[in-house]
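The lines below spell out each chain.
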Amino acid sequence: MELSTTPLEIADCTTVIGSEIRADLQTLLSGRQAETIRAALERRGVIFFRGLQINDEQQVAIAKTLGSIVQNEGEGGIYKISLDQSVNQRAEYLKGSMFWHFDGSLQPYPNLATLLRAIKLSNAGGQTEFCNTYAAYEDLPDADKAAIADLRVVHSAERSQYYVRPEMSYEEICFWQKSPTKACPMVWTHQSGRKSLLLGATADYVLGLPTEESRALLARLRDWATQPRYVYRHEWQVGDLLMWDNTGTMHRALPYAADSGRLMHRTVLAGEEPLH
Ligand code: OGA
Ligand code: MN
């Protein structure tokens, strides 16, 4: 039997980032559009499906058509994103997600992509913003591209925690310092040849630069990459299934109350490209 390969309907939300894809559940579960979806993810940074009405098993099954899923967090491929400590014990750590970041910056293979499905929304806040770090890099003036080409940035878990708890105790600092730091290039040259900027809340300092210069450069580039023209803000509806290319975007949640009930079910696709 010939499988139908109806082209997917893709509606772009902004010029450089974010698209809504209209597809029926059977098509997504079959994997026959997986290549198209992966290509859209890489091209658009963020894609989402609305009105699918899927359950956890179907979310995981769709993810598996796109890559290999990371099983070491959550249960059955689903991890609960909530700031309520009775739902997620790491709720305190997750508050860091309200600041621009990409996931897995400390891992040898940062996650390829993340899928989030909105289970319950907060009454206020809780949108998620994404910026396209490929586009931000491409638009940099040539002088900046040359100046940052070979820079390396040390990323640390400790650094990202200062955003959440500016006055950490000695014990807290020692705790976060147990996570090994990692030096990453400031410009990620992907296997495809494309380049993206690599920044985010774990970016601590630029190797070899004076402290002030390092802090100023990291902030200047973050400001650049998160200008409105590179950003898509997702206004969630219950049931939305959204995925982002974690290797070519940064993201952050807009503030929402820890007791708001907001709940997202997350599935992560394992990284396929080393970062060193
Ligand atoms: C994440 C994350 C943002 C959100 O799951 O990695 O940063 O809006 N989530 O919940
Ligand atoms: Mn995140």
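Residues numbered from 1 in each chain as written. Chains lettered and ligands numbered in written order. Predicted model: local features only at pLDDT ≥ 70, side-chain atom pairs only at ≥ 80, totals over all residues. Heavy atoms only, no water.

### Focus: the environment of Lys120
By the secondary structure assignment, Lys120 is in strand E5 (residues 113-120). The class of Lys120 is partly exposed, set by a relative accessible area of 44%. Along the chain, Lys120 and Gly239 lie 119 residues apart, while their C-alpha atoms are 8.5 Å from each other. Sequence-distant contacts of Lys120, defined by excluding residues within four places in its chain, comprise Ser260, Gly261, Arg262 and Leu263. (Helix = DSSP H or I, 4+ residues; strand = E, 2+ residues; numbered from the N terminus. Buried < 20%, exposed > 50% of the residue type's maximum accessible area, 1.4 Å probe, protein only. Contact = heavy atoms within 4.5 Å.)

### Section: the site of ligand 1
Around ligand 1, a shell composed of Ile81, Ser97, His101, Asp103, Leu116, Thr128, Trp244, His251, Ala253, Arg262 and Arg266 is seen. Separating an oxygen atom of ligand 1 from a side-chain N or O atom of Thr128 is a distance of 2.6 Å. In the complex, 97% of the free accessible area of ligand 1, which totals 290 Å², lies under the protein chains. When atom positions are compared with the pocket grids, ligand 1 is found to occupy the largest pocket. For the shell around ligand 1, a count of residues per class yields four nonpolar, four polar and three charged. (Near = heavy atom within 4 Å. Polar contact = N/O pair within 3.5 Å; in protein donor to acceptor, adjacent residues only side chain to side chain. Areas by Shrake-Rupley, 256 points an atom, 1.4 Å probe, with all protein chains shown as cover. 1 Å grid on protein atoms, 1.4 Å probe; cavity = no way out; pocket = protein on both sides within 12 Å on 5 of 7 lines; lining within 4 Å. Sits in = over half its atoms within 2 Å of the grid points. Nonpolar A, V, L, I, M, F, W, Y, C, P; charged D, E, K, R; others polar.)

In short, geometric facts, not functional conclusions.
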